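Working through the structure, step by step
Okay, here's what each chain looks like letter by letter:
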Amino acid sequence: KPDNTAFKQQRLPAWQPILTAGTVLPAFFVIGLIFIPIGIGIFVTSNNIREYESNVFMYYGLSNFYQNHRRYVKSRDDSQLNGDNSSLLNPSKECEPYRTNEDKPIAPCGAIANSMFNDTLELYRIDNDTRTPITLIKKGIAWWTDKNVKFRNPTGDGNNLTALFQGTTKPVNWPKPVYMLDSELDNNGFINEDFIVWMRTAALPTFRKLYRLIERKNNLQPTLQAGKYSLEITYNYPVYSFDGRKRMILSTISWMGGKNPFLGIAYITVGSICFFLGVVLLIIHHKYGNRNTSADIPN
Amino acid sequence: MADPIRWARYRWQRLISTEGREVSSSSNSSSKRYQSSKTASKHRIVIPCLGHFKEEYEKVSKLYMNNKIRTTKYTLLNFIPRNLFEQFHRVANLYFLFLVVLNWVPLVEAFQKEITMLPLVVVLTIIAVKDGLEDYSKYKLDKQINNLLTKVYSRKEKKYIDECWKNVSVGDFIRLSRNEIIPADMVLLYSSDLDGICYIETASLDGETNLKQRQVVRGYSEQVSEIDPEKFSSRIECESPNNDLSRFRGFVEHSNKDRVGLSKENLLLRGCTVRNTEAVVGIVVYAGHETKAMLNNSGPHYKRSKLERKVNSDILWCVLLLILMCLTGAVGHGIWLSRYSEIPFFNIPGPDGKLIPPALAGFNMFWTMIILLQVLIPISLYVSIEIVKLGQIYLIQNDIDFYHEKTDSTIQCRSLNIAEDLGQIQYIFSDKTGTLTENKMVFRRCSIAGQEYCHEENAKRLESYQEMDSEDEDSADAQYASLNHMSKRRGHNCRAVNESLKKKSLDQLSGSYPVAGRENSASDVPHAGHVAFSSRIETDVVPDTQLLEKFSQISSHSYQQSEDAVSKLSLETTYIIDFFLALAICNTVVVSVPNQPRQKMRHSSLGRMPIKSLEEIRQMFQRLSVRRLSSSPLPSIKESSSESPNSFVSKLSIFKMKLASPALDGAAQRAAEPHNPDSPENPQLSEELDMVNVAAGSEHHSAGSSVKGSSPLSKLCYEAESPDEAALVHAARAYKCVLQSRTPDQVTVDFTGLGSLTFQLLHILPFDSVRKRMSVVVRHPVSNKVVVYTKGADSVMMDLLGTASEGTKNSEMEQKKIKERTQKHLDDYARRGLRTLCIAKKVMSNEEYTEWLNHHFLAETSIDNREELLLESAIRLETKLTLLGATGIEDRLQDGVPDTIQALRKAGIKIWMLTGDKRETAVNIAYACKLLEPDDKIFTLKSQSRDVCALVMNKILEGIQKNTSAKKTKSQKLGNVSASPTTQAPAFSAGLVIDGKTLEHVLHDSLQNIFLDLTEKCRAVVCCQATPLQKSVLVRLVRNKLKAMTLAIGDGANDVSMIQVADTGVGILGQEGMQAVMASDFAISQFRHLRKLLLVHGHWCYTRLTNMVLYFFYKNVAYVNLLFWYQFFCGFSGTSMTDYWILILFNLLFTSVPPIVYGVLDKDVSAEILMQIPQLYVMSQKSVAYLPSTFWITLLDAFYQSLVCFFVPYFTYYGSDIDIFSFGNPINTAALFIILLHLLIECKSVTWIHAVVIVGSILFYFVFTLAFGATCKTHNPPSNPYWIMERHMTDPVFYLVCLLTTCVALLPRYLLRVLQGTLFPSPVMRAKHLDKLIPEEQREAIKRWKDDCVVNCRMEFQVTSGSSSSATGAVSEEESIASVLPTSKTPLQFCSRGGLVEEVSLSDIQDESGNTNSLSSERTVFLNLSKETNSDSYGSSNCCAKVSQRTSEEGKSAISLAGLNTEQV
C-alpha cells in the first residue's frame, strides 16, 4: 500500500500564483517606482563624470581592432606570463606562429603580445606659451590581481631581468625586448602595467584601455584645470591595415565606472514602461478582472 | 512472486504464446500455412544418453544446447566496446561524438579539445553504469539459476545424483520431487501418481495459480514401478525448439517401431513447479535457451510516446536552426575577412605563415560554429526526459487512490516511457468481461427442458452482497449505496431473509478470502486470489425452490423403485439430471481439498459392496436417463461384468444412491421450504444423512464415506480455468450434484439424489474460439453408453442440434418445442446482460464411438497438422446433440464503471466496447455502464455480405447527414455560424452495434473508410462476438487511419493482441491470469481507476513533460543565442565570451535540476478539480500546451530574451575598457536569472522543493564561479577567469545590469501570461481559480461549470483548430437535436432485402408473447434496475408488471432501437 504522504500523493503545500491583471498590478508599479529613481540616479552620476575633480584617467582608444578574435585571444601563454621558467623557454603551441623567432622562444609569445600598442602619449598644459608636462602615472592602471598574481617575471638568481630572460627573444614587432619596457624594476618585464593592460583582451572591437593616471594634487583645484592642453603622440602603431582609428580619452570615473548614459536612460525607460503597463493593467483589471476572480464562467 | 526479476523475464512469454494460440486455433488457413513451411527434416530426435545409444547420442544430442543459460548482454571483456556500440545507436549520441571528433581538427577547433567531450562522457557514463548494473544483476541471477541442483541420472553410478542445472543436457533423465522446479523442458515418463498424472504450477510462467495437469506418455503410465532409465530404449522425435507454450508435437518410437503420440500434456516446461506429486521422471528434450520458456523470453518492447515523436521533429527544427546560424557565421566570417586587403595583425596566419583565403576560412568557421553552438541541440534533454518520466511513474505508482484493498494491489507501470500518452487518449477500446464487469461469474438462472427457473432467492442473496460491497467501499459513492437501500425496502417484503443474509455475508466478508492451504505457491503470486474464482459470491448459490422440488422427486421416485414410479419419471426429470451432470462434468475444473494440499479426492474403498440387484439399478437408470431421448436398444446386460474397475465402481455408486435416498426425501423437502437460506452444506442435513446411513445398517462404509463427504465436501476447492466453469460447478453443487474428484480418466460426481457416480472420462475436447464450445466424452456408469456432454455458445450450439435417427415423431416435436422455448429464454437472458451457455448431450452407440475414436486417434498422433485434424475430429463428434437447457450467468458491473465512462466521455474520449459476447448481452451491458444512453439512436450492422454492408453504412451515413443538415439550417436560422461538420463532434448521439461476422466485411480495405466515417459520427461503438484478432485489427485501424491515440484495456488473454497494438495498453489485474497485465503498459485493478489515471495523471504527465520540453528548447536557444550575437562583434571568429567550463556546466549543472523538478511536480490544476471537470482533459488531448505555434512562440521568446540579455550589457559596456570574460560574466549571470525566473513564471505551483532547487541553483552558480575565479590563475587558458567574479561582486554596475536585463527579458512573457490570464483565460486557468475558492463556492462553481462548460470548451477548441463557432451556436444545436430526435418516429427505415438490416423503431415491435416484451422496454427496466441495485428479481411477477408498464411509456417516446433485427434470408 502506498504511503499516504503529502509528497507521494502530490499534496505538497504549494504557492499557486495566478497571473492576472489584478494580482500583478502591484508588481508593475513597484518595478516602475524602483527603476525610475535608479535610472535618474545613474543618469545624473554618469553625466557628472566630465567634471575633472578627482583623479583623471587617461585612455587610448582603438576602433575596429578585433582583440576578441578567437585565435588572437588564444594566442598567449599564461604560464609563461606567470613566470614559469619551462614555459618561458618552451612556450605553448597556442602561440604559433609567434612562438619562436630564429629558433629562440619569444617572450612574451603570441599574437596579443606581439601586437601590443606602443604609441606614447604625452600631455602638456599650455600656460602662456609654456608647456608644462602633466605628470602621468603609469602604475596602478592594471588590476591588482593581474599585476601581483597572474603576471610574474621568471624567477631565478637575482633581479636582473636581462639574465632571467636569457635565451629568449623579443616579439617580432617589438622594438626592444620585454625586460626593457620600463626602467623601474617593479614595472618591467611581464609585470609592466602597460603590457598587462594590453594583455587583457577587449571584449568589443571598439575599446579603450587605461593608459595613465593623472592624480589630483590638492582638494582646492580640479585635477585638470580649464585651459589649453597639447597632446604629443609618438606614432609607432599602424592601424591603417585594418582601417582602425585611435583615440585618446580623458575621464574621471564614478562609482559606476566611466561615462555612459545608456544604463540610466534604460532604467528610466523601463521604469516608465512598467508604470504605464501598470496603469493599463489597472484598466484591464477593472474591466475584465472580476469575472475571473469570482470564478464565474461566462456564458 | 518471490523473485520479481525472474518474473519480469518471463513476462513476454505468455503473450507470444497467445499469439501462437491464435494462429493455431483461429483459422484453418493459417495453420495450413504453418504446416507447409515446416518440413519433416527439422524435427529433433532425442536419444537417451545411455550406454546402448552412446554413439548415436554423441552424434545427435551433443549438437543440442545444454541447459546453461546466459541472459546477460555483456561479458566483462566486451562490456565497454559493446555498450558503446549500443549507445551510439542513438542519433543524439552520434551527433555529440561527431562534435567531439570535430573539435580535434585543429582548423576548426573551438574549445579546448577535451572539453567538448565532457557532456558526452557524462551521458555515456551514466547510461553505461545503469546498463552495467542491470546486466550484473542478470548475471548474478543466471549464475544462481545455473547452479541450482537437480537429480540427474548418472550412467556411472547407476542412480540419480545431484547435478547443476547448467550441466543438464538433452537426453538426460531427471527425477524431480514435489515442489521442485523443472530445470528443462522434458517429456514426462513417470509419475508417482497412480494415474500417471503430474500437477505443475505455471505461475512463474504465466502467473496463473491454478494447477495444470500433465500426463505420463501413454504406455508408461501403466508401469507400477519407477521407470528405469537403463531400460529405456525408445527414441523421441519432436519438433524443433519453438516458443509456442501451448503446443508440443512429437512421438515416442519404441524399439519395436511402435509410435506413441506426444502432446503438450506430456511436456513439463522449464520454470514450472511440480506440485502434489511425490516424484516424477522425465527425459530432457529441450534445454537451456532452447526451452520454450527461454525462447519466449524476448526483450522488452519499446513504445515511443506521441510527445516524444513530436519532440524529435522539433529537434530537427533546432538542427535546421543550428545550420542556419552556422551558415550565418561562416558567410559572415568570409565577408569580414575579405574586407581586409592586408592581413590585419589580429588575424593570425596559418601555420605556414600564409593567410587562409576567406572562402576556406568561412568553411572552416562553419564547423567551428557547430561546435560552439552545439548546445542548441540539447543532449541534456534526453537525459532529463528520462529522469522526469521516472519521477512521474514513481508518483503514479504511489498514488493511494489506485490502491485496491480487496486484492491488495496498486497500479503497476510496466512501461516507463509513455506516461504522457495517457493525457492524449482519444479512443478507448475496452473489453467487457472482467474489465467493465467484475468477472465474478454468478449463476443466475437456468432453463431446463424449456422450463425456466429464475432463482429468485439467489438474486436476493446477490443483492445483499452487493450492498455489502458498496458499504465496504467507503468511497464517495454514498449516494449509490443509499439508492440500494431504498430499492431494497421498496422492492421486497422478505426483509427478514435479507437481514439474515446480510449478517451472514458480513461474517463472510470479514473473514475475507477463504484461506486455501497452499504453503508455497500462494505466497508466490501477489495479486491473484488464493484460489481462483472462489469468492463467496460465486460459490454460494441458493437453489431455486421449484427446481429443488423436482429434485426431491427424483430421489423419492428412485427410492420407490417400482415400475409405475419409473414410468412417472418424466422426461423433464431425466433432463434435469443430465443437465446437472453436464454442469458438473463438462469442464476442466480441478478439485482439491485445501487442508491437504492438492490431494485428490478418491474413493479407495472398492469392492466391499455386495453386487446385488445391479441389473435392477441399471435398468432403472436407463429408463431414467435414456429412454425418451433416444430409443436405442437397451445395452445387453452381459457386457457389464467385463468392464474395467472404474465402471464397476460407478455401478456401486448407484447402489449407494439407493441407500442414501430416504434421508434426502425429508431433507430436500425442508430445503424446499420457501425463504430458507439454505447453504448447500447444511450441517443438519448431513447429520441426518449419516443417521439414516447408520440405520440402514448394511455395508455402509463406502456409503458413509461418500455421504459424509458433506463435511469434507464443504471444503472442496474448485480450480477452474475460467470463472464461468467455476460458476456452473458451484451451481451444480448447490443442487447437491457435487463434483468430487477428477482424474484424467474418471470423474466422480456425488449426486445426492442418486448417489455417487463415477464416470469414465474418455475425452475432453477443450474450448476453443472457433468451435465456441467444449465437450467431454464419458462412459455413463449405468447405461454404459458413451455420452457426450457439450456446452457452448448458443449461436453455435443451436445449429448442432438434431434428433437421433430413430427418434419418434413425438419426441422430435417435443425437442423442437424445447429448442424454441430455450431459445426464447436465451434471448431473454442475453437481454438482461447475462452470459448464456447451452448445455446439450448426445448418446453414442459403441460402434459410432469406435469409428470416431479411430479417426481421432489418427489426429492425435499426427505431428504436423494435428490441430486441424483435432478440430475436424471434434466437429465430427459434436453433431446431433440433444438440447438439455441453458444457463444464465451474471457478471456484475464493477464499481463506478458508469461514472467512469461518463467522465471519460465528457473528457472527449470515444469509448468502444469490444467483446466476444452476444450482441444482446453486450448491448445491455453497454446500457448499464452508460456507454449507450437511453435516448441514443442505435444502429446495428448485421449483414451477410460486404456489398450489403456498404449499402447499409451509406444509408446510415446519409441519414445522419440529413439529420445534421436539418439541424444546421435550424441553427443557422438562429443567426449563428454552425460548426464545420468535420470538427463538430456528433452532437446528437448515436451508437453503433456491430457483430463479429459483419466486422469481417467491414474491416475489408474497401469499407474501412466508410466504416470509420460512420464510427466517427457515433459516440459509442459496441463490437460483439469479436475475436481477439478482430479486436486488434480494429484498434490498429483506428490508430493508423484516424491517427488517433488509442488505449486498449482488458483483462484476459484474448485482449493481449489488442493491448499490444494500442498506443497505450492497460491491463486489469483480474481473475483470468496475468497475460493481459504482462502485455500491458499499465496494470490497474479496477476499471474505475482509469478515470484518475487518465484525467489526472494523464493530464499532469502530459502537461508537465510538454512544459518541460518546451522550457528546454527555450533554455537552450536563449542561451546559445547569446554566443551567436557575440559573433557579430568578434568577426564571426567563434569566440565565446564565457569561459567554456561555465558554458558547459551551465546546462549540465546550474540549470538542469529545476526543469526536472518542474517536470515531475508541477501541478496546473488540482487532482480534485481535474476529476470533477473531465472537460479539462481535452486540453492535453488536443495538445493545446504544445501546438506547433507554441514551439515557435517559445523560440521567438528565446530569441528576444537572448537579444535583451546580450545587448543590455553590450550598450552598458560599449566603448569601455572591459575585457572579453568580464563582459561575459554579467551576461551569463543575467542569463541564469532569466532562465530560472522564466521557469518560475511558467510554474503553476511552487512548492518548497521548487524554491530550494532554484535558490540552490543560483547559490551553486555563485559559489562555483567565485571559487573558480579565486583559484584559476593560469590553468584554463585563454579565459582564466581569475578574480573576475570577485571584482564584479563589488561593482554596483554588475548588479544594475543583471537586474535590468532580467526584468526587460522577462517582461513580455510575464505580460503575455498576465493578459492571457485576464482576457483569455484557458479552461485550465479558470479551473485553477476554482482551487482557490472555499469548498462550498467551489461546489457551486463546479456545478455551473458542468452545466455550461462543455459547450464552452468545445467552442474554444474549435476556435483553436481553425473553425469558428460560437457557444450559443453549439448550445442551440444541441437543443435542436434534443428536440428533433424524439419527434421523428421512424428515423431510418431500411428495406430488408437479402439480409439487410431492418431498422425498426420500437413502437413497431410488439412481441407476441407477453412474457418477453419488446427489447427496449426490457432494457429500460434493466437500466432502472441497474441504477438502483444492478441486480434485481428478474422474471418474477412484479417484474413483469413493471415491464408492461414501461412498454406503454416507451411506445410513446419512440426511441428506435435496432436490437431486434428481422433477418430475411
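Each value, and the rule that gives it
- Residues numbered from 1 in each chain as written.
- Chains lettered and ligands numbered in written order.
- Predicted model: local features only at pLDDT ≥ 70, side-chain atom pairs only at ≥ 80, totals over all residues.
- Heavy atoms only, no water.
- Helix = DSSP H or I, 4+ residues; strand = E, 2+ residues; numbered from the N terminus.
- Buried < 20%, exposed > 50% of the residue type's maximum accessible area, 1.4 Å probe, protein only.
- Contact = heavy atoms within 4.5 Å.
- Areas by Shrake-Rupley, 256 points an atom, 1.4 Å probe, with all protein chains shown as cover.
- Disulfide = S-S within 2.5 Å.
- Axes fitted to C-alpha atoms, helices over the stretch in contact; angles between N-to-C directions.
- Parallel < 35°, antiparallel > 145°, perpendicular 65-115°, else oblique.
- Nonpolar A, V, L, I, M, F, W, Y, C, P; charged D, E, K, R; others polar.
- Pairing = 2+ DSSP bridges.
- Phe/Tyr/Trp six-rings, centres within 6.5 Å; stacked < 30°, edge-to-face > 60°.
- Lys NZ or Arg CZ within 6 Å of the ring centre and 35° of its normal.
- UniProt positions renumbered as here; feature names shortened; annotations may be inferred.
- Core = buried A, V, L, I, M, F, W, Y, C linked by side-chain atoms within 4.5 Å.
- Left-handed = near helix turned anticlockwise from the far one by under 90°.
- Buried area = accessible area lost by both parts, 1.4 Å probe.
- Salt bridge = Lys/Arg side-chain N within 4 Å of Asp/Glu carboxyl O.
- Polar contact = N/O pair within 3.5 Å; in protein donor to acceptor, adjacent residues only side chain to side chain.
- Expected span 1.5 Å × (residues − 1).

**Overview of the overall build of chain B**
- When its secondary structure is counted, chain B shows 53 helices and 33 strands.
- Here chain B holds 1465 residues, and 61% of them are scored as buried.
- Put simply, of all contacts in chain B between residues at least 6 apart along the chain, 77% involve residues at least 24 apart.
- Approximately 55,200 Å² of chain B is accessible, and the part contributed by carbon and sulfur atoms is 58%.

**Brief notes about the state of the cysteines**
- Within this structure, the stated rule accounts for 1 disulfide over all chains.
- With its sulfur 2.0 Å from that of its partner, A:Cys95 forms a disulfide with A:Cys109. Residue A:Cys95 is found in the loop between helix 4 (85–89) and strand 2 (100–101), and its partner A:Cys109 is found in the loop between strand 3 (104–105) and helix 5 (111–114); the two are separated by 14 residues along the sequence.
- A relative accessible area of 0% means that A:Cys95 is categorised as buried.
- Judged by relative accessible area, which is 2%, A:Cys109 ranks as buried.
- No disulfide involves B:Cys413; its nearest neighbouring cysteine sulfur is the one of B:Cys1101, lying 8.6 Å away.

**So, the packing of helix 10 (residues 306–338) of chain B against helix 39 (residues 1089–1127) of chain B**
All names here are of chain B.
- Taken N-terminus to C-terminus, the directions of helix 10 and helix 39 make an angle of 5 degrees; their axes are 12 Å apart at the nearest point. The angle between helix 10 and helix 39 places the two elements in the roughly parallel class. Across the interface between the two elements, Leu 307, Val 311, Asp 314, Ile 315, Cys 318, Leu 321, Met 325 and Thr 328 of helix 10 pack against Tyr 1102, Leu 1105, Thr 1106, Val 1109, Phe 1113, Val 1117, Val 1120, Asn 1121 and Phe 1124 of helix 39.
- Within the contact of helix 10 with helix 39, the residues separate by chemical class into 13 nonpolar, 3 polar and 1 charged.

**Side note on the sheet that holds strand 11 (residues 267–268) of chain B**
All names here are of chain B.
- Here we have 6 strands laid out as an open sheet, ordered 3-2-4-13-5-11, and antiparallel in their pairing. Here the strands that pair on one side only, and so sit at the sheet edges, are strand 3 (159–164) and strand 11.
- Bridge count for strand 4 (residues 173–177) against strand 13 (residues 279–286) is 5 bridges, and the pairing is antiparallel. Note on strand 13: the bridge partner recorded for Leu 176 is Val 280.

**What about the packing of aromatic side chains?**
- Taken as a whole and assessed by the stated rule, the structure comprises 75 aromatic pairs over all chains.
- Between A:Phe262 and B:Phe1211, the ring centres sit 5.3 Å apart and the planes meet at 40 degrees, which makes this aromatic pair tilted. One end of the pair, A:Phe262, is in helix 9 (residues 262–293); the other, B:Phe1211, is in helix 44 (residues 1188–1213), on a second chain.
- Assessed through its relative accessible area of 38%, B:Phe1211 is described here as partly exposed.
- Over the aromatic face of A:Trp143 sits the side chain of B:Arg1287, whose NZ or CZ is 3.8 Å from the ring centroid.

**Things to note about the UniProt feature "transmembrane region" (unreviewed entry) in chain A**
All names here are of chain A.
- The feature "transmembrane region" (unreviewed entry), as annotated in UniProt, sits at residues 18–44 and 262–284 in this numbering.
- Across residues 18–44, helical content stands at 89% and strand content at 0%; the span's end C-alpha atoms are separated by 39 Å.
- Measuring from the first to the last C-alpha atom of residues 262–284 gives 32 Å, for a span that is 100% helix and 0% strand.

**Here we look at the environment of B:Leu77**
- On the secondary structure map, B:Leu77 appears in the loop between helix 4 (54–60) and helix 5 (79–87).
- For the pair B:Leu77 and B:Thr921, spaced 844 residues apart in sequence, the C-alpha to C-alpha distance is 61 Å.

**Some points on the nonpolar core**
Residue and element names in this part refer to chain B.
- Counting 139 residues, the largest nonpolar core has Phe 1113, Phe 1206 and Phe 1223 as the members making the most contacts within it.
- The dominant element in this core, judged by the number of residues it contributes, is helix 39, at 18 residues.
- The residues contacting Phe 1113, other than those within four sequence positions of it, are Val 311, Asp 314, Ile 315, Cys 318, Leu 381, Tyr 1186, Phe 1191 and Leu 1195.
- Residues Met 441, Tyr 575, Phe 579 and Ala 727 belong to the second largest nonpolar core, which totals 66 residues.

**Examining the packing of helix 44 of chain B against helix 45 (residues 1220–1242) of chain B**
All names here are of chain B.
- Running from amino to carboxyl end, helix 44 crosses helix 45 at an angle of 145 degrees, the nearest separation of the two axes being 10 Å. Remark: the crossing between helix 44 and helix 45 carries right-handed chirality. Of the residues in helix 45, those in contact with Asp 1197, Gln 1201, Cys 1205, Phe 1206, Pro 1209, Tyr 1210 and Tyr 1213 of helix 44 are Phe 1223, Pro 1226, Ile 1227, Ala 1230, Ala 1231, Ile 1234 and His 1238.
- When the residues that make up the contact of helix 44 with helix 45 are grouped by side-chain class, the tally is 11 nonpolar, 2 polar and 1 charged.

**Looking at the interface of chain B and chain A**
- Taken together, the contacts link 104 residues of chain B with 87 residues of chain A.
- Contact with chain A buries surface across chain B, with B:Phe345, B:Phe346 and B:Ile348 losing the most and accounting together for 10% of the total.
- Where chain B packs against chain A, one counts 1 salt bridge.
- The salt bridge partner of B:Asp1219 is A:Arg200, with a shortest N-O separation of 2.8 Å.
- Scanning the region where chain B abuts chain A turns up 23 residue pairs in polar contact (both at pLDDT 80 or more).
- For the side of chain B that touches chain A, the element with the most residues is helix 48 (residues 1292–1319) of chain B, which contributes 17 residues.
- Residues that form the side of chain B that touches chain A fall into these classes: 59 nonpolar, 25 polar and 20 charged.

**Topic: the sheet that holds strand 28 (residues 937–941) of chain B**
Residues and elements named next belong to chain B.
- Taken in spatial order, the 9 strands make up an open sheet running 14-33-32-31-15-27-30-29-28, and their pairing is mixed. Edge strands, defined here as strands with exactly one partner in the open sheet, are strand 14 (412–413) and strand 28.
- Relative to strand 32 (residues 1064–1068), strand 31 (residues 1046–1050) runs parallel, the two being bridged by 4 bridges. Paired with Gly 1050 across the bridge in strand 32 is Gly 1067.
- Contacts between helix 32 (residues 919–928) and the sheet are confined to strand 27 (910–914), strand 28, strand 29 (990–995) and strand 30 (1020–1024), with strand 30 contributing the most and set at about 150 degrees to the helix.

**Let's talk about the environment of B:Arg1019**
Residue and element names in this part refer to chain B.
- Relative to the helices and strands, Arg 1019 is located in the loop between helix 35 (1005–1017) and strand 30.
- A residue is classified by how much of its surface remains accessible, and Arg 1019, at 21% relative accessible area, is partly exposed.
- Along the chain, Arg 1019 and Phe 1113 lie 94 residues apart, while their C-alpha atoms are 38 Å from each other.

**Some remarks on the pairing of strand 5 (residues 185–191) of chain B**
All names here are of chain B.
- Counting buried residues along strand 5, 7 of its 7 residues qualify, which places the element largely inside the surrounding structure.
- Pairing geometry for strand 5 and strand 13, over 6 bridges, is antiparallel. When the sheet's bridge partners are listed, Val 187 is paired in strand 13 with Ile 283.
- In the sheet, strand 5 pairs with strand 11 via 2 bridges, with the strands oriented antiparallel. Considered in strand 11, the bridge of Val 187 is made with Leu 267.

**Notes on the pairing of strand 30 of chain B**
Residue and element names in this part refer to chain B.
- Judged by how many residues are buried, strand 30 sits mostly within the fold: 5 of 5 residues are covered.
- Burial of strand 30 is two-sided: the residues Ala 1020, Val 1022 and Cys 1024 facing one way and the residues Val 1021 and Cys 1023 facing the other way are all buried.
- Where strand 27 and strand 30 come together, 4 bridges link them in parallel fashion. Note that in strand 30 the partner of Met 913 across the bridge is Val 1022.
- Alignment of strand 29 against strand 30, held across 5 bridges, turns out to be parallel. Within the sheet, the bridge partner assigned to Ile 994 lies in strand 30 and is Cys 1023.

**Description of helix 30 (residues 866–877) of chain B**
- Across its 12 residues, helix 30 of chain B extends 16 Å between first and last C-alpha, which sits within 8% of the 16 Å expected from 1.5 Å per residue.
- Along helix 30 of chain B, the positions that sit buried rather than exposed are B:Arg866, B:Glu868, B:Leu871, B:Ser873, B:Ala874 and B:Leu877.

**Observations concerning helix 41 (residues 1153–1161) of chain B**
Residues and elements named next belong to chain B.
- Counting buried residues along helix 41, 8 of its 9 residues qualify, which places the element largely inside the surrounding structure.
- The set of residues buried in helix 41 consists of Pro 1154, Pro 1155, Ile 1156, Val 1157, Tyr 1158, Gly 1159, Val 1160 and Leu 1161.
- Here the buried face of helix 41 lies against helix 12 (379–397), helix 39, helix 45 and helix 46 (1248–1271).

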